[in-house]
Every structure is written in structure tokens, then in C-alpha cells.
Amino acid sequence: MKPAASLLVRHARELLTMNGPPPARDAKRAWEEAPLGCIADGAVALHEGVVVAVGRTADVESAIALTADATVIDARDELVAPGLVDAHTHGLFVGDRSNEYGMRVRGATYAEIAAQGGGIASSVRALRGAGDDTLERTLRARVARMRAFGTTTVEAKTGYALDTVNELRCLDVMGRVPGVVPTWLPFHAVPPELRGVADGRARYLRAVRDEMLPAVLAQGVARYVDAYLDGPGFQVDEVRAVIAAAQRAGLGVRLHVGQFEDVGGAEYAAEIGAASVDHLEHVSEAGLRAMAAAGVIAVLLPGAAFSLGQPMPDARRMRALGVDVALATDCNPGTSFTENLPLMASFAVRQMGLSTVEAWWAITRVAARSLGCESRAVIAPGHRASVVRYAMASWASLPYEFGAPQAVAVVADDARALARIG
Ligand code: NIG
Ligand code: FE
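Within any chain, residue numbers begin from 1 and follow the written order of that chain's sequence. Written order determines the labels here, with chains lettered from A and ligands numbered from 1. Predicted model: local features are reported for residues with pLDDT of at least 70 only, side-chain atom pairs are reported and counted for 80 or more only, and whole-chain, interface and lining totals are derived from all residues. Note: side-chain values were computed over all heavy atoms of the structure, leaving out hydrogens and water.

## What to know about the coordination of the iron ion (ligand 2)
Note the following rule: Coordination shells were defined by N, O and S atoms within 2.8 Å of each metal, extended to 3.2 Å for Na, K and Ca; water is absent from the atom set, which can make sites look incomplete. Going along the chain from the N terminus, every DSSP run of H or I of four or more residues is numbered as a helix, and every run of E of two or more is numbered as a strand. The buried label applies to any residue whose accessible area, calculated with a 1.4 Å probe on protein chains only, is under 20% of its type's maximum; exposed applies above 50%, and partly exposed to all values in between.
Around the iron ion (ligand 2), the protein contributes the donor atoms His88 (NE2), His90 (NE2), His256 (NE2) and Asp330 (OD), which lie 2.1 to 2.4 Å from the metal centre. When the donors of the iron ion (ligand 2) are listed by position in the chain, the intervening gaps give H-x1-H-x165-H-x73-D. One end of the pair, His88, is in the loop between β6 (84-86) and α3 (98-105); the other, Asp330, is in the loop between β13 (325-327) and α14 (341-351), with 242 residues separating them in the sequence. No difference in accessibility class separates His88 from Asp330, as the two residues are buried.

Here it is in C-alpha cells:
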């Protein structure tokens, strides 16, 4: 008997299944090959969120039995591909920090702006003053705009609350928005009320360990824990105990490492088996080799480097050393106010040494793997893949046509694919 299908997308000019081997690590071969599972005149059929057939349109049509109320979509002249995965955002924020960008462009540093009461502290004040409704509306609107770029999975971090009540409130909101993977980021900054206070830093670290950690674990919404390991952030030894306890409770670990300074975060991430290490503008070769050996994914954030006027992270060097690379927006009001993940692929191909094939992997499969949902980014029978129609002639257009939203519609997106980890 032929499998039933309630949704058929057919006649895509190109259908990218992403069902193939990973790209080669050397640049020349990574440009020459195209392991993206690309099918001309492609079709995909789904039933109850699960892919039942994929291939050339004629083959798929003869392999399935459409249900009486099935939806059939002609995607002529379009690219059909998995939804994109944004594996690093601070997407739940309110307030306005546009003035900081002007200050930075005129030469003020990120640290100087923070010292004047701007920076993360400014977002903390705004967020604590916003009601639950405002927070949820803001996050839903952001996720909806991201979908216009094809992004169907969005990791979102707390870290603009920095007290127990408000961190829990943020996680609760994130847990209610479909497609969002919540990350608890207590180690973003010392909260403004404890800065300049004698013992303030130590008091905050104790509050995270004794009060916030148990409350976050009891709430059960956070899937990952994160720490900003950097000169202006935290040191490895300050976060170890809390990260270890969170890991024991089943949370995965993502880490901000080396945006401004290498404080040994890459080596630490490898030691504890973190899911991802993000930023990496500054990292030693030993750190990268440790990450490669431990299978820790690098999540690179070209939007932050662009907005800060820093050199782009060296994706080619990381690939050559055996590190798998994902790309993310870092969407945040301070250093990367963008919701546009394909634009990060444009930066990566033009300025970070990735091939177009590697860039596709970096915003789909590798990013999804870092979030424990790789099958969602592969259009193959049995997968609860997210499927998007893009207004593009070819997969090669994604980094080439930069800046504008390219998704026509999200045609399949089953939240059950975001399985819990641990
Ligand atoms: O990833 N570096 C820490 N966190 C953000 C910036 C946060 C902010 O300035 O609001 C980042 O770049
Ligand atoms: Fe970040």
C-alpha cells in the first residue's frame, strides 16, 4: 500500500534535502563538490508532520496516496529546502540602544559604553520593567520576522534579567513560543544593582549557585546553560560549579568564548563536552584542536564582528583544523541587531572563507546538531523536517542575494522535532 500524504510540495526548481555527506575540510574541494542532496524538479510529501517521500516530482507523485483533503503546492521557480536554524540569539530583549551604535562607530569601545551605564545593564533595566505580555509579544514578533528569512528554529538566551524572578519569567516566555530553544545565561554580566558594590560580584555568583540554579532546574524549561567567558565577562573558574550542576541535571552547555580575549574557554568546553563554543574571534590553535577532538561545534557570529568593527572569525582555519562550523545571528540589541541568518552566510562566504555548501551546512545541519535536532534539518523519509519555500533560483543564490528576506512560506514545521535533550 502506498503511504498516505496530506501535504505535497512539487515541481521545485531545486529541492535541497541536505541528505548527504558533510563538505570536505579543504577549501578547494569544499567549493567543487555539492553534497546538498539537490534534486531538480523536486517534490516532498508529508503526513502529520513526517516526511513520507522525497525525490523527483513524478517519482514522489506515483509513490504516495494523497488524502482527500490534501494540500498540493506548486513551487515552480522556487528552491525548497529545510528551514534554517539560528543557534545563538539573545532574541528576547526590549528597549532601545541605537545610540550606542553611533557612539561605537565614532570610536567608543564596547567596554567604555558599558562603564557609562549602557551595554547589557541598559537592556537589563528595560527588560525588568516590561510585563509578561510585552515580552511574549516581542519574542513572537521577532520569531515571525526570522521566519521571513527561512529560520524555523531559534535558540534564545536569557541574560538580560540577571535576577531569579526575571530570569524565570524570560524562560517561561521562551518556553511558550514555538520553534524557540531556551538557554539560561546567568553569566552574562554582573547585574547593575551589584556593580560597584563591595563584594557585589561574589554575591551575584553565590546567588546564581544557591538560588537561581535550583529555581531554573525546578522550572524545567531551560535546555542549555551558557556563560560569557571573556575579559569583560567571567572566568572559567567562576562558572565551573554551576555549569557542572546544570549538566548533571541534563542541560547542554553552550559558551561565549573569545569575543574580545582568549581566557581558555575553548579548552574548558572540550573538557566538559559542551555542545557549542560561540564567537571565537580570539582562540588558540590548541583550543581549536581540543574542540575538534571533542566534537565541539563552533558557532560563529559575523553580525557581532561586523557591528563591532572587528575582523571576522576565521572559519577556514577552524574547518582546516577539524572543527565543525555553524553560523548564527547573535541577534541582540548591543552588538548584532539583526534577524537575518542568510546574511550571516553572505558574510561567511565573502569574508570568512566558507564555500556556499559549507555555509548551507552551517545554517542548517551543523547548527541543528548543536541544538540536538539535526534530523529537523534533513528532508528525508521519517524525519519531522521543517520545510521552507524560498524565492531563489538556486541554492547558490542564498549568500549571493544578500540582505532581503527570501522565504516565500514555511510549509512544514513540527515542533515535536525539537526533542528534549538529556
Ligand atoms: O553575544 N557578549 C555578550 N553578549 C552579547 C552582547 C550583549 C549586549 O551587548 O547586549 C554578544 O555579543
Ligand atoms: Fe551572544
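## Examining the site of ligand 1
Just so we agree on the cut-off: Nearness is defined per residue: one heavy atom within 4 Å of the molecule or strand is enough. Any N or O atom pair separated by 3.5 Å or less is treated as a polar contact, with the protein-specific requirement of one donor-capable and one acceptor-capable atom, and with residues adjacent in sequence counted only for side-chain atom pairs. Per-residue and other accessible areas follow the Shrake-Rupley method at a 1.4 Å probe size, with only the shown protein chains counted as cover for residues. We call Asp, Glu, Lys and Arg charged. Ala, Val, Leu, Ile, Met, Phe, Trp, Tyr, Cys and Pro are nonpolar, and the rest, Gly among them, are polar.
For ligand 1, the set of nearby residues contains 15 residues, the closest of which are Arg97, Tyr110, Tyr160, His188 and Thr335. Between an oxygen atom of ligand 1 and a side-chain N or O atom of His90, the distance comes to 3.3 Å. Contact distances for ligand 1 include 2.8 Å between a nitrogen atom and a side-chain N or O atom of His188. Calculation on ligand 1 without its partners gives an accessible area of 330 Å², and the protein chains cover 100% of this total. Looking at side-chain class alone, the shell around ligand 1 contains 4 nonpolar, 9 polar and 2 charged residues.

## Some details on the packing of helix α8 (residues 200-219) against helix α9 (residues 236-248)
Inclusion rule: Angles run from 0 to 180 degrees between N-to-C directions of axes, and those axes are lines fitted to C-alpha atoms, restricted for helices to the stretch in contact. An angle below 35 degrees is treated as roughly parallel, one above 145 as roughly antiparallel, one from 65 to 115 as roughly perpendicular, and anything else as oblique. The contact rule is simple, with two residues in contact once any of their heavy atoms fall within 4.5 Å.
Running from amino to carboxyl end, α8 crosses α9 at an angle of 5°, the nearest separation of the two axes being 11 Å. By the angle class used here, α8 and α9 are roughly parallel. Facing α8, whose interface residues are Arg201, Leu205, Val208, Arg209 and Leu213, α9 presents Glu238, Val242, Ala245 and Ala246. Residues of the contact of α8 with α9, tallied by class, amount to 6 nonpolar, no polar and 3 charged.

## Here we look at the domain arrangement of the protein chain
Applied cut-off: Domain borders in the structure are assigned automatically or taken from a domain database. A simple way to read buried area is as the amount of 1.4 Å-probe accessible surface that goes missing from two parts once joined, with both sides added.
According to the domain assignment, the protein chain contains domain 1 (4-83 + 377-419) and domain 2 (84-374). Relative placement of domain 1 and domain 2: their C-alpha centres are 29 Å apart. Listed as interface residues are 41 residues of domain 1 and, on the opposing side, 37 residues of domain 2. The contact between domain 1 and domain 2 buries some 3100 Å² in all, and 64% of this surface belongs to carbon and sulfur atoms.

## Overview of the sheet that holds strand β10 (residues 252-257)
For clarity, the cut-off: A pair of strands is considered paired only if DSSP assigns at least 2 bridges between the two.
Pairing is parallel across the open sheet formed by 8 strands, whose spatial order is β6-β7-β8-β9-β10-β11-β12-β13. Either end of the sheet is taken by a strand with one partner, and the two such strands are β6 and β13. Across the sheet, the mean angle separating the axes of adjacent strands is 25° when strand polarity is ignored. Note: strand β8 (residues 180-187) against strand β9 (residues 224-229), 3 bridges, orientation parallel. Among the inter-strand pairings, Phe187 is bridged to a residue of β9, identified as Ala227. Across the sheet, α9 lies against β8, β9 and β10, angled at about 175° from β9, the strand it touches most.

## Remarks on the pattern of salt bridges
When charged atoms on two side chains of opposite charge get close, those side chains can pair. The test is simple: Any carboxyl oxygen of Asp or Glu within 4 Å of a side-chain nitrogen of Lys or Arg constitutes a salt bridge here.
Per the counting criterion, the structure on display carries 34 salt bridges. Lys157 is the partner of Glu155 in a salt bridge, and the nearest nitrogen-oxygen pair spans 2.8 Å. One salt bridge connects Arg240 with Asp237, and the closest N-O pair in it is separated by 3.3 Å. Of the two residues, Arg240 and Asp237 both sit in helix α9, 3 residues apart, roughly one turn of that helix. For Arg240, a relative accessible area of 32% translates into the label partly exposed. In the salt-bridge network here, residues are joined through shared partners; they are Arg25, Arg316, Arg319, Asp324, Glu358, Arg365, Arg369 and Glu374.

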